[in-house]
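Each chain, letter by letter, is given below.
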Amino acid sequence: MTMAQILFYLMGFIVLSSALFVAASKSLVRSVFMFFVTLMGLAGLYVLALADFIAITQIVIYVGGVLVLILFAFMLSARETLAVIQQQNNRFISISKLPAILLAVLFFIVMLNIIFKANLDQLDWIKASVATKNAITPGSVTVNNIGINLMTRYLLPFEAISILLMMALVGAAHLSRKEPGS
């Protein structure tokens, strides 16, 4: 087993175990901090895949933006709201959770169906890679192409996403402001 494989399995274990902890934890603070570990582990997997631009984007946008926004929303939320959430019924299966559980099971079945029916050896890009024995090599060409495509071909979706993120930030600021007289 090579060092790259060992690092991949280690990072994969860290990502999966921290993501399971986020989903199963009852403490919101611990979940947020383990979400940080999950996102950093994903960035590590991107580095192992030689996707340096995606790894930096993962850290800057998700860890630097989304996670900080979640922390601010948690810190600025009213204690009464958190107390009401904690007093809710903690049973695993209830009538209100049944649609979400059914959708999750259906999604899992569809994912397994796709995985088992996919014929990965017949994909064109895998055939070409195996035929020419191309290995992925690091280089700055990828970052250059991404920059050119973002500012030319994909400028409209890039700007739409920035407007969407700005709307989410304004919405979070509106929700976190204190009502007068309370």
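Anything mentioned here points back to the structure above.
Residues numbered from 1 in each chain as written. Predicted model: local features only at pLDDT ≥ 70, side-chain atom pairs only at ≥ 80, totals over all residues. Heavy atoms only, no water.

Q: Any chance you could explain the overall build of the chain here in plain terms?
A: On a plain count of helices and strands, the chain comes out with 8 helices and 0 strands. The N-to-C order of helical and strand elements in the chain reads α-α-α-α-α-α-α-α. Looking at the 182 residues of the chain, the share that counts as buried comes to 10%. In the chain, the share of contacts with a sequence separation of at least 24, taken over all contacts with a separation of at least 6, comes to 49%. When the accessible surface of the chain is totalled, it reaches about 14,800 Å², and 74% of it is carbon and sulfur. (Helix = DSSP H or I, 4+ residues; strand = E, 2+ residues; numbered from the N terminus. Buried < 20%, exposed > 50% of the residue type's maximum accessible area, 1.4 Å probe, protein only. Contact = heavy atoms within 4.5 Å. Areas by Shrake-Rupley, 256 points an atom, 1.4 Å probe, with all protein chains shown as cover.)

Q: Is there a simple way to explain the packing of aromatic side chains in this structure?
A: On inspection of all chains with the given rule, the structure shows 1 aromatic pair. A ring pair is formed by Phe-8 and Tyr-9, whose centres lie 5.6 Å apart and whose planes are at 65°; its orientation type is edge-to-face. Taking relative accessible area as the criterion, Tyr-9 reaches 52% and is therefore assigned exposed. (Phe/Tyr/Trp six-rings, centres within 6.5 Å; stacked < 30°, edge-to-face > 60°.)

Q: Honestly, the packing of helix H1 (residues 3–24) against helix H2 (residues 28–48) in this entry has me stumped. Any pointers?
A: Two quantities define a packed helix pair, namely the angle between the axes and the distance from one axis to the other. Packing of H1 against H2 brings their axes to within 8 Å, and their N-to-C directions diverge by 155°. Taken together, the axes of H1 and H2 are roughly antiparallel relative to one another. At the point where H1 passes H2, the crossing takes the left-handed sense. Residue-level contacts link Leu-7, Phe-8, Met-11, Gly-12, Ile-14, Val-15, Ser-18, Ala-19, Phe-21 and Val-22 of H1 to Arg-30, Ser-31, Met-34, Phe-35, Val-37, Thr-38, Met-40, Gly-41, Leu-42, Gly-44, Leu-45 and Leu-48 of H2. Residue composition of the contact of H1 with H2, by class: 15 nonpolar, 6 polar and 1 charged. (Axes fitted to C-alpha atoms, helices over the stretch in contact; angles between N-to-C directions. Parallel < 35°, antiparallel > 145°, perpendicular 65-115°, else oblique. Left-handed = near helix turned anticlockwise from the far one by under 90°. Nonpolar A, V, L, I, M, F, W, Y, C, P; charged D, E, K, R; others polar.)

Q: Is there a simple way to think about the packing of H2 against helix H3 (residues 52–76) in this case?
A: Two numbers describe how H2 lies on H3: the axes approach to 9 Å, and their chain directions differ by 175°. With respect to their mutual orientation, H2 and H3 come out roughly antiparallel. Contacts between H2 and H3 pair Leu-28, Val-29, Val-32, Phe-35, Phe-36, Leu-39, Met-40, Leu-42, Ala-43, Tyr-46 and Val-47 from the former with Ile-54, Ala-55, Gln-58, Ile-59, Tyr-62, Val-63, Leu-67, Ile-70, Leu-71 and Phe-74 from the latter. Per-class residue counts for the contact of H2 with H3 are 20 nonpolar, 1 polar and no charged.

Q: Before we go on, may I ask you to explain a nonpolar patch on the surface in this structure?
A: A cluster of nonpolar side chains, Met-1, Met-3, Ile-6, Leu-7, Phe-8, Tyr-9, Leu-10 and Leu-48, forms an exposed patch at the surface whose accessible area comes to about 840 Å². By residue number, the principal contributor to the nonpolar patch is H1, which donates 6 residues. Residue placement: Leu-48 occurs in helix H2. Given the relative accessible area of 32%, Leu-48 is considered partly exposed. (Patch = residues over 30% accessible without salt bridge, like charges linked within 9 Å, V, L, I, M, F, W, Y side chains within 5 Å. Salt bridge = Lys/Arg side-chain N within 4 Å of Asp/Glu carboxyl O.)

Q: I keep staring at the side chain of Ser-31 and nothing clicks. Help me out?
A: Following the sequence through the fold, Ser-31 ends up in helix H2. At 3.4 Å, the side chain of Ser-31 forms a polar contact with the backbone oxygen of Val-22. For Ser-31, the contacting residues outside a window of four places in its chain are Phe-21, Val-22 and Ser-25. (Polar contact = N/O pair within 3.5 Å; in protein donor to acceptor, adjacent residues only side chain to side chain.)

Q: Mind showing me how you'd approach the side chain of Gln-58 here?
A: Within the element layout of this structure, Gln-58 appears in helix H3. Apart from residues lying up to four places away in sequence, Gln-58 is in contact with Leu-39, Leu-42, Ala-43, Tyr-46 and Val-63.

Q: Looking at this structure, how should I read the environment of Ile-14?
A: With respect to the secondary-structure elements, Ile-14 resides in helix H1. Under the relative-accessibility criterion, Ile-14 is labelled partly exposed at 29%.

Q: I keep staring at H2 and nothing clicks. Help me out?
A: Residue pairs three or four apart in sequence face the same way in an α-helix, which turns once every 3.6 residues. Counted at 1.5 Å a residue, the expected span for H2 with its 21 residues is 30 Å, and the 30 Å between its end C-alpha atoms agrees. Lining the buried residues of H2 we find H1 and H3. A positive phi of about 60° marks Leu-50, the residue just after H2. (Expected span 1.5 Å × (residues − 1).)

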